Amino acid sequence: MNLDKALNQGVAPVTYGTGERPPRGDYARARADYTCEQDYAQYTEADHDTYRRLYARQMQQLPGLACDEFIDAVRQLGEPGHIPHFDDISERLLKATGWQVVSVPGLIPEEAFFALLAARRFPVTDWLRKPEEFDYIVEPDVFHDLFGHVPLLFNPIFADYMQAYGAGGLKASRLDACELLARLYWYTVEFGLIATPAGLRAYGAGILSSAGELRHSVTSAAPKRIAFDLQRLMRTKYKIDSYQASYFVIESFDRLFEATAPDFTPVYRAVRERIAGDGEVEAGAVLSGERTFS
Ligand SMILES: [Fe+2]
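Below is a summary of the structure that appears in this document. Since we're looking at a predicted model, the values are computed, not measured. For every chain, the first residue of the written sequence is number 1, and numbering continues from 1 along that sequence. Totals for whole chains, interfaces and linings use every residue, but because this is a predicted model, local features are given only for residues with pLDDT of at least 70 and side-chain atom pairs only at 80 or more, for both listing and counting. The side-chain numbers reported here are obtained from all heavy atoms of the structure, hydrogens and water having been left aside.

Attention now moves to the overall build of the protein. Elements are defined by DSSP. Helices are runs of H or I of four residues or more, strands are runs of E of two residues or more, and each kind is numbered from the N terminus. When you go through the protein residue by residue, the secondary structure sums to 13 helices and seven strands. A compact globule built from 294 residues should have a C-alpha radius of gyration of about 19 Å, and the protein, at 18 Å, falls within 12% of that. When each of the 294 residues of the protein is scored for burial, the buried share is 51%. Contacts are assigned to residue pairs with any non-hydrogen atoms lying within 4.5 Å of each other. Considering only contacts in the protein between residues 6 or more positions apart, those separated by 24 or more positions represent 68%. Each accessible area is a Shrake-Rupley result for a 1.4 Å probe, and residues are judged covered by the shown protein chains and nothing else. Carbon and sulfur atoms make up 51% of the accessible area of the protein, which totals about 13500 Å². Here the protein contributes 31 positively and 41 negatively charged side chains, and the mean placements of these two sets differ by 4 Å. Throughout, radius of gyration means the C-alpha value; the globule benchmark is 2.2 Å times the number of residues raised to the power 0.38. Exposed residues in this analysis have more than 50% of their type's maximum accessible area, buried residues have under 20%, and partly exposed residues fall in between, with area computed by a 1.4 Å probe over protein chains only. When charges are tallied, Lys and Arg are placed among the positive residues and Asp and Glu among the negative ones, while His and the ends of the chain are skipped. For the purpose of locating charges, the reference atoms are NZ of Lys, CZ of Arg, CG of Asp and CD of Glu.

Encoded structure:
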């Protein structure tokens, strides 16, 4: 697909998965690249209070469960007393790693998303969940996007990984491989674990912004924690409506970056051949000979 054309077709809400409800967000205010101004005036005192309570609850859980890189950077989000101004975060982020945070009205199409990442611009939904969604929300909101994703963008290696992912995504669109690549995002950026000398820690945004999954992912006996292997990961299905049954564990951000740096064209081919022969791997399955972490 021609990218310029795709990005200038005008904007419309998009849905992923099989939800009945259309996604929230006022797409009429989005530009052709799906970014918009952060509508700061929309936030009520109740919103700031919800944000404050979400932030406090997650911060208190981080020690011993979140990776040090995340804990070291999370305060770069600024004073937790109110929903941050994205421009303030961008100013700090730009100096640290050359990234910026940009506002979007909600979920955006894959190609627009990849194009923003490739340009070191991280899209953050600007609306906040309702108080009744305090414990669980279906779509990403400002808390998930900021608290979950932005701290690690202050880490130079992870910042490069995210840009490479965006560039890889634009290529995957041309190779009709977005579904395989989406699994890499899911099992690293959203639900990744990292092995450290102090034990397993979380670095994925879906885990770090979740009230219950942070402890579950690191300490529960229920899920399988499998050593990262790119092709194995790309064969693995995932669940979107419950805690993950499988997590993939990386050794370091350096190793993750190295493992995902080569051209994926032969990787997609190999994964497709393997799926054609042996099928996909169910979430929660462990294959013979695989290294797992308890
Ligand atoms: Fe996310």
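Around the iron ion, the protein supplies His-144 (NE2), His-149 (NE2) and Glu-190 (OE) as donor atoms, at distances of 2.0 to 2.1 Å. All donors to the iron ion come from one chain, and their sequence spacing reads H-x4-H-x40-E. Residue His-144 shares its accessibility class with His-149, and that shared class is buried. Ligating atoms shown are N, O and S within 2.8 Å of the metal, or 3.2 Å for Na, K and Ca, and water is not included, meaning a site may look less than complete.

The criterion is simple. A nonpolar core is a set of buried Ala, Val, Leu, Ile, Met, Phe, Trp, Tyr and Cys residues joined through side-chain atoms within 4.5 Å. Counting residues in hydrophobic clusters, the biggest one holds 87 residues, and the most contacted among them are Val-150 and Met-234. Among the elements that make up this core, the one with the highest residue count is helix α8 (residues 178-190) (eight residues). Non-local contacts of Val-150, meaning those with residues more than four positions away in its chain, are made with Leu-77, Ile-89, Leu-93, Val-101, Phe-122, Val-124 and Asp-145.

Right, let's talk about empty space enclosed by the protein for a bit. Vacant regions in the atomic arrangement are exposed by a probe of water-molecule size rolled over the atoms. For cavity detection a 1 Å grid was placed over the protein atoms alone, and a set of points counts as a cavity when a 1.4 Å probe fits there but cannot get out; an open set counts as a pocket when protein lies on both sides within 12 Å along at least five of seven lines, with lining residues being those that have an atom within 4 Å of a point. Grid points are joined across faces, edges and corners, and a volume is the space filled by probe spheres set on the points. Tallied over the entire structure, the rule returns one cavity of 30 Å³ or more. Taken as a whole, the largest cavity encloses approximately 30 Å³ of empty space. In this structure, the largest cavity is lined by Gly-148, His-149, Leu-152, Phe-158, Met-162, Val-189, Tyr-203 and Ala-205. Only α6 (142-149) and α7 (156-174) provide two or more residues apiece to the lining of the largest cavity.

Reading across the sheet, the five strands line up as β4-β3-β6-β5-β7 and stay open at both edges, with mixed pairing between neighbours. The open sheet has two free edges, formed respectively by β4 (199-202) and β7 (292-293), since each of these has just one partner strand. Pairing between strands requires that DSSP locate at least two bridges from one strand to the other. Pairing analysis gives four bridges linking strand β3 (residues 193-196) to β4, with the strands arranged antiparallel. The residue of β4 that forms the bridge with Ile-194 is Arg-201.

Residue placement: Lys-95 occurs in helix α4 (residues 86-97). As a C-alpha pair, Lys-95 and Gly-78 span 17 residues in sequence and 15 Å in three-dimensional space.

This next bit is on the environment of Glu-179. Counting through the fold element by element, Glu-179 comes out in helix α8. Once the C-alpha coordinates of Glu-179 and Met-234 are considered, the two residues, 55 residues apart in sequence, prove to be 8.7 Å apart.

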